[in-house]
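Structural overview
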Amino acid sequence: MELCIDFGGTEIKLAVIEGASILASDRIPVTGSTADLDAAVTASHALIERAGGTPTSAGIAVPGVVDPASGRMLHANDKYEFLNDFDLKQWVREHLGLPAVVENDARAALIGETSTGSGSGERDAVLVTLGTGIGTAAMIDGVPLRGVTGHAGILGGHATVDLHGPVCPCGNVGCGEALASSWALREEGTFRLAPLARRASSAAGAPPSLNDPQGDGPSTVKELFTSDDHAEIRDEFLQVWGATVVTLCHMYDPRVVILSGGILRAGDAVSAPIETYVREHLWPSMTPPRFVVPPEPEYSVVRGLSALARTPRHQEMN
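Presented here is a report on the structure given in the accompanying data block. (Residues numbered from 1 in each chain as written. Predicted model: local features only at pLDDT ≥ 70, side-chain atom pairs only at ≥ 80, totals over all residues. Heavy atoms only, no water.)

Examining the side chain of Ser 271
To keep it simple, the criterion reads: Helix and strand assignments follow DSSP, with helices taken as H or I runs no shorter than four residues and strands as E runs no shorter than two, numbered in order from the N terminus. Three exposure classes are used, based on accessible area relative to the maximum for each residue type with a 1.4 Å probe and protein chains only: buried under 20%, partly exposed in between, and exposed over 50%. Two residues qualify as a contact provided that any one of their heavy atoms is within 4.5 Å of a heavy atom in the partner residue.
Position of Ser 271 among the secondary structure elements: in helix α8 (residues 268-281). Of the residues examined, Ser 271 reaches a relative accessible area of 10% and is grouped as buried. Discounting residues that sit within four places of it in the chain, Ser 271 has contacts with Leu 259, Leu 264 and Val 293.

As for the side chain of Glu 2
Mapped onto the elements, Glu 2 comes out in strand β1 (residues 2-7). Ignoring sequence-local partners within four residues, the contact set of Glu 2 consists of Ala 15, Val 16, Ile 17, Pro 55, Ser 57, Ser 306, Ala 309 and Arg 310.

Details of the sheet that holds strand β9 (residues 134-140)
We count it as follows: Think of it this way: DSSP has to see at least two bridges between two strands before they count as a pair. Fitting a line to C-alpha atoms yields each axis, with helices limited to the stretch in contact; the angle taken between N-to-C directions then spans 0 to 180 degrees.
One open sheet accounts for 5 strands, arranged β10-β9-β8-β11-β12; its pairing is mixed. The two strands at the open ends of the sheet, each matched to only one other strand, are β10 (143-144) and β12 (290-292). One ladder, built from 5 bridges, connects strand β8 (residues 125-130) with strand β11 (residues 256-260); its direction is parallel. By the bridge assignment, Leu 127 is partnered in β11 with Ile 258. Packed on one face of the sheet, helix α3 (residues 105-115) meets β8, β9, β10 and β11 and runs near 50° to β9.

Topic: the packing of aromatic side chains
Selection criterion: Classification of ring pairs uses Phe, Tyr and Trp, with its six-membered ring standing for Trp, and accepts pairs whose centres are within 6.5 Å; under 30 degrees between planes counts as stacked, over 60 as edge-to-face, and the remaining range as tilted.
This model, assessed by the stated rule, comprises 4 aromatic pairs. Ring centres of Tyr 80 and Phe 82 lie 5.7 Å apart, and the angle between their planes is 70°; this geometry places the pair in the edge-to-face category. Between Phe 237 and Trp 241, the ring centres sit 5.7 Å apart and the planes meet at 75°, which makes this aromatic pair edge-to-face. Highlighted residues: Phe 237 and Trp 241, both in helix α7 (residues 231-252), separated by 4 residues, approximately one helical turn.

Next up, the structure:
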């Protein structure tokens, strides 16, 4: 039995898992301060009591780069700054009495989907989560890629899609995430759109403020896919996401591509155009990968953490 804690962008998700069964789960809002740690401890104790058992280990997911040697988070753009270089393993030992493994959230989601989820049994896969940003992870021959410093596979959303695009907070120019994500829609209250959409907006006048109720633009990514009011912007987002997946396919040659994130609840309106784009732009001799969308993407990360936490190698490291 494993206790799993996923420090997400807007909420912290917790679960107690045994095998493939989620015995109990909960979620609490994020405040962006160290109070989140105290809240996670309180919620964990309550969840363990509800589950009616005693976990033997814990898994922690963070939205940033994790040092493979220490398990500390090295960096996350504007997310959980108080967790940078914080010893989460020691925190779990002190407050919950459990050995723990710490992993990047997208990588944990990939492990979850390939172990007991939509890509179960697959050994060559990439995962792309679409939402606040663009999270990615890759697996080759059953091994999740981490690299020397933990960066391998998880920075697919920061591959350059447009050399003339905006500067991303990561320091790169024209990243997919800087062009097509929920935070890319906002920058100091105004639109940040990819070139095609920006030209379409400027043709009708200056881009409106997102804080202006009379504005013509979408305020969330979800809004792009619940109406046809912003077709140009929507199509540009889909092209950027498609180009990102093409790059990942060229880099890792996967058998399956797992598309995840809350926006995928729009179904084929998101996944089908991305798959079409990939098939049209893939290297000619490559076999097109199979595309899957998890039916319960909110549990991908915690399922992956459970699989990691019960692995003997990680238990021995702790």
